[in-house]
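# Overview (structure and organization)
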Amino acid sequence: RDVFGQDAELKGPLKLTVSHDVAERLLIHRLCVFRNAYPAIQLDLLTTTGLVDLAAREADIAVRLTDKLPDYLVGREVLPMRHGVYGSPAYFERDEKTPKVILFRSSNETPEWVQQHFPGAEVAMNVDDVGTMALAVSHAMGLARMPCYIGDTDPSLRRLDLPLAPSTWGIWILSHVDLRSTARGRVAREFLIESIEAQRGVVLGEKSRYFEAA
């Protein structure tokens, strides 16, 4: 890390880790711009929902969804996360007497949004990732609370106009403290921050397709 941290050239390998849903919805279509601007930087993209050890150089930069900054990392929160409750037009057309909801497997208790807006709802499915959740919602299996950058970028989904408690999580750009001074790491962090901020309206849920009741 000491040698790498002294690297001031805009060339060489750069390992980036990001969750699959953030890569797909917010970053992949922007990385071609980065490659054209810095062709000598060799991008190594790792899409995973698991934690990657930045200290062990499993990655140089992480785009992470979190509510706090780990002690051994440096970085910044780019934007807070906003959520909505989404369903498909086909689901809304069925006019379910008992609402169906799709929850994460990690939900040990009935989530607040279900208690508040859909008491007595039936759990149609438990899933372990937001991509599967969005796909299940698009196939009219039920309603789900998802990040706006997921729901608002899927043309098959509609958001219900419901008040939700704000999330404490945000989208963070992180790197190890020993690697913050590398030139290629610096330009990559700046590019990622600008790319996410350029999509502020999507992340903050300002471009929703709302369900319109008949």
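Look up: the structure comes first, before these words.
A few points on the structure. Every chain begins its residue count from 1, and numbering advances along the sequence as written. Reporting of local features is limited, given that this is a predicted model, to residues whose pLDDT is at least 70; pairs of side-chain atoms are given and counted only at 80 or more, and all residues count toward the totals for whole chains, interfaces and linings. For side-chain calculations, the full set of non-hydrogen atoms in the structure is used, while hydrogens and water are omitted.

On to the pattern of salt bridges. Opposite charge on two side chains permits pairing when their charged atoms draw close. One speaks of a salt bridge when a side-chain nitrogen belonging to Lys or Arg is within 4 Å of a carboxyl oxygen belonging to Asp or Glu. Applying the stated criterion across every chain yields a total of 5 salt bridges. Put simply, Glu197 and Arg76 hold a salt bridge, and the shortest N to O gap is 3.0 Å. On the criterion of sequence distance, the pair formed by Glu197 in helix H7 (residues 183-197) and Arg76 in strand E4 (residues 73-80) is long-range, its members being 121 residues apart. Exposure classes here rest on a 1.4 Å probe applied to the protein chains alone. A residue is buried below 20% of its type maximum, exposed above 50%, and partly exposed in between. Residue classification places Arg76 among the partly exposed residues on the basis of a relative accessible area of 36%. The partner of Arg94 in a salt bridge is Glu96, and the shortest N-O contact between them spans 2.8 Å. Strands are runs of DSSP state E lasting at least 2 residues, helices are runs of H or I lasting at least 4, and numbering of each runs from the N terminus.

To continue, consider the sheet that holds strand E9 (residues 158-160). A pair of strands is labelled paired if DSSP reports no fewer than 2 bridges between them. Across the sheet, 3 strands lie side by side as E8-E5-E9; this open sheet has antiparallel pairing. Every interior strand has two partners, whereas the edge strands, strand E8 (144-147) and E9, have only one. Neighbour-to-neighbour, the strand axes of the sheet open up by a mean angle of 55°, direction not taken into account. Inspection of the sheet shows strand E5 (residues 83-87) paired to E8 by 4 bridges, in the antiparallel sense. When the bridges of E8 are listed, Val85 appears paired with Arg145. Contact definition: two residues touch when any of their heavy atoms are within 4.5 Å. Each axis is a line fitted through C-alpha atoms, taken for helices only over the stretch in contact, and angles between the N-to-C directions span 0 to 180 degrees. Its contacts with the sheet put helix H5 (residues 130-138) on E5 and E8, and the angle it makes with E8 is roughly 130°.

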